[in-house]
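# Structural characterization, general
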Amino acid sequence: MKIRMARGLVALSAVILFGCGSQHDSASMVVNEARASSAIIPESIADTTVMVSPEPTPDVESAFAVLIDRRIECGRSPWSCEPERIAVEGTDVHRVLADLMADRVANGVVASRSGGLRYRIDHVTLTDQDSATVRVCFTDDTVLVQSVPPSLEGEIPPIVVDDSLVSSVTDWDLHRVAGEWLWSAERPLNWSVGEDLCVA
């Protein structure tokens, strides 16, 4: 089993789109089977893409890790988010993510460095050379805050918008477009607020 941790995430909807509590947008996770890996990969969004054990689908797993990193950065900097670098344009996943980021920008909501996202890839299934499904268990307790104007930074604390823990098991469909894997659909299989579904 492969466990990755990213500190200070963004809620992916469930956590797409990842997020906590009421802020959950929903870009899901995917199912299909291959074998789960045995590597444990900890911490920091800077090195979540390290691969340790040989897998029959390392390309898809590495690509998924890159997409997670991009999603995390979207949460921290929604005004510079590029949904087309994460999801296939024209899909619901792309639309939900774009709408979520627009809403975050409009309301000044960002993912703080408190809390984080942890995820485990359980299964990967290649449908064909350009399509795959990944089943992932996510737990996200990233704290979402309303950003403080630069002139007031350090003078007043950010307003906490959401600090709940959300966990889900989701099947994510990925499709390769111009040589790059992107999310194309998500199908949540299980969802919980307050309970970590990934504890085995």
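Keep in mind that what you see is a predicted model, and the values were worked out from it rather than measured.

A few words now on the packing of aromatic side chains. Inspection of every chain in the model, using the stated rule, returns seven aromatic pairs. The interplanar angle of 55 degrees and the centroid separation of 5.9 Å between the aromatic rings of F64 and W183 together place this pair among those described as tilted. Residue F64 is located in helix α1 (residues 58-76), and its partner W183 is located in strand β9 (residues 180-193); the two are separated by 119 residues in the primary sequence. Judged by relative accessible area, which is 0%, F64 ranks as buried. Feature note: the residues F64, Y119, F138, W172 and W183 constitute an aromatic cluster, connected by ring pairs.

Unlike most non-glycine residues, A178 shows phi in positive territory, near 50 degrees. Locating A178 in the fold gives a position in the loop between β8 (166-177) and β9.

A large share of strand β5 (residues 131-140) lies buried, amounting to nine of its ten residues. Alignment of strand β4 (residues 116-128) against β5, held across ten bridges, turns out to be antiparallel. Paired with Y119 across the two strands is F138, which belongs to β5. Following β4, the chain reverses through two residues before pairing antiparallel with β5. Where β5 lies against β8, ten bridges are found, and the strand directions are antiparallel. For V134, the partnering residue across the bridge sits in β8 and is W172.

The rules behind the values
- Residues numbered from 1 in each chain as written.
- Predicted model: local features only at pLDDT ≥ 70, side-chain atom pairs only at ≥ 80, totals over all residues.
- Heavy atoms only, no water.
- Phe/Tyr/Trp six-rings, centres within 6.5 Å; stacked < 30°, edge-to-face > 60°.
- Helix = DSSP H or I, 4+ residues; strand = E, 2+ residues; numbered from the N terminus.
- Buried < 20%, exposed > 50% of the residue type's maximum accessible area, 1.4 Å probe, protein only.
- Pairing = 2+ DSSP bridges.

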